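This is what each chain is made of:
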Amino acid sequence: MCQYLSGPFAGWSLRGNYLVSPHGDPMTPERLAGLAWRDQMELRLAGYASRRKAEAGMGKAGQRQMVKVVVVDLGEFRERHFGQSAG
């Protein structure tokens, strides 16, 4: 049984479990699923790359937040917050 397709798949045909190209190359369902999966993963990686690029651009634009560092003596902190019995 051979069924020819139309529209954007003009020239392709279904022969049993195979989708056959106009050049005669058979494509198994597993192969088509693998190609679709790879395409999806490439789009996903491209999305991550564009997000990293956008985040890097924001950091260079001077929108970084300042960090305040406070150094405290631990013994002094304990005495102030917990009294003499804690030390």
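Residues numbered from 1 in each chain as written. Predicted model: local features only at pLDDT ≥ 70, side-chain atom pairs only at ≥ 80, totals over all residues. Heavy atoms only, no water.

## Brief notes about the overall build of the chain
What counts here: For the purposes of this entry, the term helix denotes a DSSP run of H or I that reaches at least four residues, the term strand denotes a run of E that reaches at least two, and both are numbered from the N terminus. A simple rule labels every residue: compare its accessible area, found with a 1.4 Å probe on the protein chains alone, to the largest value its type can have, and call it buried under 20%, exposed over 50%, or partly exposed in between. Contact between two residues is taken to exist if any of their heavy atoms lie within 4.5 Å; hydrogens are not considered.
A tally of helices and strands in the chain yields two helices and four strands. Of the regular secondary structure in the chain, the N- to C-terminal order runs β-β-β-β-α-α. Here the chain, with 87 residues, has 6% of them falling under the buried criterion. Of the contacts formed within the chain by residues at least 6 apart in sequence, a portion of 0% connects residues at least 24 apart.

## Points about the side chain of S21
Within the fold, S21 resides in the loop between β3 (18–20) and β4 (26–27). For S21, a relative accessible area of 9% translates into the label buried. Residues contacting S21, with those up to four places away along its chain left out, are G11 and W12.

## Observations regarding the sheet that holds strand β1 (residues 2–4)
Selection criterion: Note: two strands are recorded as paired if DSSP finds a minimum of 2 bridges between them.
Strand order in this open sheet of four strands is β1-β2-β3-β4, and the pairing throughout is antiparallel. Where the open sheet ends on each side, the last strands, each with one partner, are β1 and β4. Note: β1 against strand β2 (residues 13–15), three bridges, orientation antiparallel. Across the sheet, Y4 pairs through a bridge with S13, a residue of β2.

## Looking at the side chain of S13
Note the following rule: Under the rule applied, a polar contact is a pair of N or O atoms within 3.5 Å (in protein, one hydrogen donor and one hydrogen acceptor; residues adjacent in sequence only if both atoms are side-chain atoms).
Locating S13 in the fold gives a position in strand β2. A distance of 3.4 Å separates a polar atom in the side chain of S13 from a polar atom in the side chain of R15. For S13, the residues in contact, after removing those within four places along its chain, are C2, Q3, Y4, Y18, L19 and V20.

## Some remarks on a nonpolar patch on the surface
Operational definition: Any residue with relative accessible area above 30% and no salt bridge may belong to a patch, with like charges joined within 9 Å and the nonpolar Val, Leu, Ile, Met, Phe, Trp and Tyr side chains within 5 Å. Each accessible area is a Shrake-Rupley estimate made with a 1.4 Å probe; only the visible protein chains count as cover when residues are assessed. Note on definitions: salt bridges are taken to be side-chain nitrogens of Lys or Arg within 4 Å of carboxyl oxygens of Asp or Glu.
A cluster of nonpolar side chains, namely V70, V72, L74, F77 and F82, defines an oily patch on the protein surface of about 500 Å² accessible area. Within the fold, V70 resides in the loop between α1 (29–60) and α2 (74–82). When its relative accessible area of 61% is taken as the criterion, V70 is described as exposed.

## Let's talk about the environment of S13
Of the residues examined, S13 reaches a relative accessible area of 2% and is grouped as buried. Once the C-alpha coordinates of S13 and C2 are considered, the two residues, eleven residues apart in sequence, prove to be 6.6 Å apart.

## Describing the confidence of the model for the chain
Any residue range with low pLDDT should be treated as having predicted coordinates unsuitable for detailed reading. Threshold: Per-residue confidence from the prediction method is given by pLDDT, with values spanning 0 to 100.
Per-residue pLDDT for the chain averages 82, and the proportion of residues at 70 or more is 87%. Least confident of the elements in the chain is β1, whose mean pLDDT is 75; most confident is β4, at 90.

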